[in-house]
Amino acid sequence: MLHKNRLFTPGPTPLLPAAQTAMASFTAHHRTADFKALFQRVLADMKEFIGTKNDVLVLACSGTGVMEASVSNLTSPGDKVLVLTAGKFGERWTGLAKAFGCNVDVLSVPYGETFLLENIRARVTPDVRAVFVQATESSTGARHDVQGIAKIVRTQGNDTLLVVDAITGLGTTHLDVDGWGVDVIIGGSQKALMMPPGLAYCAVSERAWKRMDATTSPRFYFDLRKERKSAAKGETAYTPATSLFAALGAALEFVRGMGKGDLAKGREELVNNAELCAEMTRAGAKALGLKLYSSAPAAALTAISAPDGVDSGKIVKEFRESFDAVVANGQGEMKGKLFRIAHIGYYDYLDTIGILGALEHVLARVTDRSVEYGASVRAAQQVYARSHDVALAAR
Ligand SMILES: *Cc1c(COP(=O)(O)O)cnc(C)c1O
């Protein structure tokens, strides 16, 4: 059969056609009125997309760039910080905080798990200057309780900052950034925003802006105060990724369309979409006798354990060779043990049913177990039908 190349990876994710054409035709210089208008519109829309009144900055870098910026801007060497880690991206926080000389307290849980709030409660003391965590740990497919963590930080900390890597959390998870008191929340263009890699963004609270004046870690390109000053004038400090801003403008319009003209509502629709795709996928995987890798599965992606005795690399390869579908293997020590199917961004019903149909064939080919064709798809259909009935009843 004909093959269409499709990404089912939790970043980069499939591209929105309107974002692609917007960037292909964009030529404005960045110090022009045209670009300034686009830039200001995008920054205002990004506040709605994130769901915050805090200042939002959009930088030309991958997500890790803004993770680094949050460490370099908010800490000084020797500062005590707490890193909550449950996977490869949590470990990135540890590496970053150590690179900038922080005194790092690491609370880790095994891959696939999430934190017990009582264990976090025991570690958030008033001398902790900042807490770093993921909203969703993309390497394991786990979801963390950002609301619960924020509550602990706000009540037990003494001006302690909460920094959340929501690079796969935004657009897949309901997050009340301002209501919960998240100080810095971070996202990236190649995830829920349905566009290529190259932009990363953050929303920064007043508490965090204030901290930046007192911290002493080195920073230059990623000096957020400099970006904020420029943004207030409708500019970026350095050359922005102009064509990616055009793509971002188109992506935000698409989300606004999902909300029938209301961007905040569109964001909620995008989250509900990911939740439903994820629920369908979990049901489909279980119907084939597969186990989820995480005990607290996120909507951004579903991590599925490879069946006993099967290297997940074989599954990834079979998806690629038979269907030109790109699913992600495990990262680091998890390589060979699990595979990951994304729901973040531009995925719909047909994508989800299609990947589950393909999964049935892939399993039949890489294992010697008999697969009941349709079992996975049927389970997903039932989830979809139920959600459709619920939506109809609510109307
Ligand atoms: C994708 C991702 C990142 C950022 O990775 P980059 O390659 O730097 O864009 C960080 N954290 C999480 C949870 C991610 O999923």
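Below is a short write-up of the structure. Quantities reported herein were computed from a predicted structural model and do not represent experimental measurements.

Reading the values: the criteria
- Residues numbered from 1 in each chain as written.
- Predicted model: local features only at pLDDT ≥ 70, side-chain atom pairs only at ≥ 80, totals over all residues.
- Heavy atoms only, no water.
- 1 Å grid on protein atoms, 1.4 Å probe; cavity = no way out; pocket = protein on both sides within 12 Å on 5 of 7 lines; lining within 4 Å.
- Points joined across faces, edges and corners; volume = space filled by probe spheres on them.
- Helix = DSSP H or I, 4+ residues; strand = E, 2+ residues; numbered from the N terminus.
- Nonpolar A, V, L, I, M, F, W, Y, C, P; charged D, E, K, R; others polar.
- Near = heavy atom within 4 Å.
- Polar contact = N/O pair within 3.5 Å; in protein donor to acceptor, adjacent residues only side chain to side chain.
- Areas by Shrake-Rupley, 256 points an atom, 1.4 Å probe, with all protein chains shown as cover.
- Core = buried A, V, L, I, M, F, W, Y, C linked by side-chain atoms within 4.5 Å.
- Buried < 20%, exposed > 50% of the residue type's maximum accessible area, 1.4 Å probe, protein only.
- Domains from an automatic or database assignment.
- Contact = heavy atoms within 4.5 Å.
- Phe/Tyr/Trp six-rings, centres within 6.5 Å; stacked < 30°, edge-to-face > 60°.
- Lys NZ or Arg CZ within 6 Å of the ring centre and 35° of its normal.
- Pairing = 2+ DSSP bridges.
- Axes fitted to C-alpha atoms, helices over the stretch in contact; angles between N-to-C directions.

**Observations concerning empty space enclosed by the protein**
- A complete count under the given rule lists four cavities of 30 Å³ or more for this structure.
- Approximately 80 Å³ is the volume found for the largest cavity.
- Considering the residues around the largest cavity, the lining is formed by V58, L59, A60, L199, Y221, E227, T236, Y238, T239, P240, A241 and F245.
- With three residues, the top contributor of residues to the lining of the largest cavity is strand 2 (residues 55-60).
- A per-class count over the lining of the largest cavity returns nine nonpolar, two polar and one charged.

**Side note on the layout of surface pockets**
- Here the largest pocket is characterised by a volume of approximately 630 Å³.
- Considering the residues around the largest pocket, the lining is formed by 18 residues, among which E269, N272, N273, L276 and A391 are closest to the centre.
- Secondary structure elements with two or more residues in the lining of the largest pocket: helix 11 (263-287) and helix 14 (375-394).
- At seven residues, helix 11 tops the list of elements feeding residues into the lining of the largest pocket.
- Per-class residue counts for the lining of the largest pocket are nine nonpolar, four polar and five charged.

**Some details on the site of the ligand**
- In the vicinity of the ligand, 14 residues are found, and the nearest of them are S62, T64, S138, D165 and K191.
- Within the backbone of G63, one N or O atom sits 2.9 Å away from an oxygen atom of the ligand.
- In this structure, K191 approaches the ligand through a side-chain N or O atom, which is 2.8 Å from an oxygen atom.
- Relative to its free-state accessible area of 380 Å², the ligand is covered by the protein chains to the extent of 87%.
- When residues of the shell around the ligand are traced back to their parent elements, those giving at least two are helix 3 (63-74) and helix 4 (88-99).
- Tallying contributions element by element places helix 3 first for the shell around the ligand, with three residues.

**What to know about the nonpolar core**
- Judged by nonpolar contacts, the single largest core of 124 residues is most densely connected at M46, F49, I50, F319 and F339.
- When we break this core down by domain, the ones giving at least three residues each are domain 1 (6-12 + 262-394) and domain 2 (17-258).
- Ignoring any residue separated from it by four or fewer positions in sequence, one finds F49 in contact with G171, A192, L193, Y201, L252, V255, L263, R267 and L270.

**Quick word on the packing of aromatic side chains**
- A complete count under the given rule lists 12 aromatic pairs for this structure.
- Here a set of aromatic residues connected by ring pairs shows up, and it is made of F26, F35, F39 and F245.
- When the ring centre of F220 is taken as reference, the NZ or CZ atom of K226 above it lies at 3.9 Å.
- Its guanidinium or amino end placed over the ring of W209, R228 lies 4.2 Å from that ring's centre, counting from NZ or CZ.

**Details of the side chain of S70**
- Relative to the elements of secondary structure, S70 occurs in helix 3.
- Residues contacting S70, with those up to four places away along its chain left out, are W93, F132, V163, V184 and I186.

**A look at the sheet that holds strand 10 (residues 199-204)**
- Strand order in the open sheet made by the seven strands is 2-10-9-8-5-3-4, with mixed pairing throughout. Of all strands in the sheet, those bounded by a partner on one side alone are strand 2 and strand 4 (103-108). When the angles between neighbouring strand axes are averaged without regard to direction, this sheet yields 20°.
- With six bridges connecting them, strand 3 (residues 80-85) and strand 4 associate as parallel partners. Across the sheet, the residue bridging to T85 is S108, located in strand 4.
- In the packing of helix 3 onto the sheet, the strands contacted are strand 2, strand 5 (130-134), strand 8 (161-165), strand 9 (184-188) and strand 10, and the crossing angle to strand 9 comes to about 160°.

By themselves, these figures tell us nothing about what the structure is for.
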